[in-house]
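Now for the letters of each chain:
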Amino acid sequence: GSAATQLSITFGCGYWAGIFCAIATQPMDNLVSMKGIAENKNKSWGQMSREMGAVNLVTKGLGTRIIMIGTLTGLQWWIYGTWKNFCGFGTS
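Owing to the predicted nature of the structure, the values given are computational and were not obtained by experimental measurement.

Here is what the cut-offs are and how they apply
Residues numbered from 1 in each chain as written. Predicted model: local features only at pLDDT ≥ 70, side-chain atom pairs only at ≥ 80, totals over all residues. Heavy atoms only, no water. Helix = DSSP H or I, 4+ residues; strand = E, 2+ residues; numbered from the N terminus. Rg over C-alpha atoms; globule rule 2.2 N^0.38 Å. Buried < 20%, exposed > 50% of the residue type's maximum accessible area, 1.4 Å probe, protein only. Contact = heavy atoms within 4.5 Å. Patch = residues over 30% accessible without salt bridge, like charges linked within 9 Å, V, L, I, M, F, W, Y side chains within 5 Å. Areas by Shrake-Rupley, 256 points an atom, 1.4 Å probe, with all protein chains shown as cover. Salt bridge = Lys/Arg side-chain N within 4 Å of Asp/Glu carboxyl O. Phe/Tyr/Trp six-rings, centres within 6.5 Å; stacked < 30°, edge-to-face > 60°. Lys NZ or Arg CZ within 6 Å of the ring centre and 35° of its normal. Axes fitted to C-alpha atoms, helices over the stretch in contact; angles between N-to-C directions. Parallel < 35°, antiparallel > 145°, perpendicular 65-115°, else oblique. Nonpolar A, V, L, I, M, F, W, Y, C, P; charged D, E, K, R; others polar.

1. Things to note about the overall build of the protein
Point 1. Regarding its fold elements, the protein presents four helices and zero strands.
Point 2. N-terminal to C-terminal, the α/β element order of the protein is α-α-α-α.
Point 3. The C-alpha radius of gyration computed for the protein amounts to 18 Å, which surpasses the reference 12 Å derived for 92 residues by more than 25%, pointing to a less compact arrangement than a globule.
Point 4. Its C-alpha atoms give the protein principal-axis dimensions of roughly 55 × 20 × 15 Å.
Point 5. The burial tally for the protein puts 27% of its 92 residues in the buried class.
Point 6. Restricting the contact set of the protein to residue pairs at least 6 apart, pairs at least 24 apart contribute 68%.

So, in structure tokens, the structure goes:
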């Protein structure tokens, strides 16, 4: 296919990878955010996890995080693919 088609696929694959990264890191990101609140400063990670609950730990803010991390990862992959193509190495 054309370079544009291949770079679009590269972006899509990067976005897909970003989704998995967002899901994998979401629980800890929520806990780190909670730890920044003064009332949680002396609480253990386990206590904050129990208070938040398993479902909220994984899902709270996940949509926004997927959009952010997916887009950033997709763009990183697209920039790399564009640079490779510019240098004459093709687009993978």
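2. Some words on a nonpolar patch on the surface
Point 1. Taken together, the side chains of M28, V32 and W45 present a nonpolar region at the surface, about 290 Å² in accessible area.
Point 2. Within the secondary structure layout, V32 lies in helix α1 (residues 3–35).

3. Considerations on the packing of aromatic side chains
Point 1. Across all of its chains, the model carries three aromatic pairs by this definition.
Point 2. A ring pair is formed by W16 and F20, whose centres lie 5.3 Å apart and whose planes are at 90°; its orientation type is edge-to-face. With W16 and F20 both in helix α1, this residue pair falls four residues apart, about one helical turn.
Point 3. With relative accessibility at 48%, the residue F20 sits in the partly exposed group.
Point 4. Seen from the ring of W45, K35 lies directly overhead, with NZ or CZ sitting 5.1 Å from the centre.

4. Thoughts on the packing of α1 against helix α2 (residues 45–52)
In a packed pair of helices, the relevant descriptors are the angle between the two axes and the axis-to-axis distance.
Point 1. α2 packs onto α1 with a crossing angle of 105° between their chain directions and a minimal axis gap of 10 Å. The angle between the axes of α1 and α2 places the two elements in the roughly perpendicular class. Packed against α1, whose contacting residues are M28, N30, L31, V32, M34 and K35, the element α2 presents W45, M48, S49 and M52 at the interface.
Point 2. Partitioning the contact of α1 with α2 into residue classes produces seven nonpolar, two polar and one charged.

5. A word on the side chain of T10
Point 1. Of note, T10 is situated in helix α1.
Point 2. Exposure remark for T10: the relative accessible area of 17% places this residue in the buried category.

6. Structural notes on the pattern of salt bridges
A pair can form between side chains of opposite charge whenever their charged atoms are brought close.
Point 1. Within the structure shown, the criterion is met by two salt bridges.
Point 2. Put simply, R65 and D29 hold a salt bridge, and the shortest N to O gap is 3.3 Å. With a gap of 36 residues between them, R65 in helix α4 (residues 62–86) and D29 in helix α1 connect regions that are remote in the sequence.
Point 3. On the basis of relative accessibility, which here comes to 13%, the residue R65 falls in the buried class.
Point 4. Judged by its relative accessible area of 31%, D29 is partly exposed.
Point 5. Note that E51 and K43 form a salt bridge whose closest N and O atoms lie 2.9 Å from each other.

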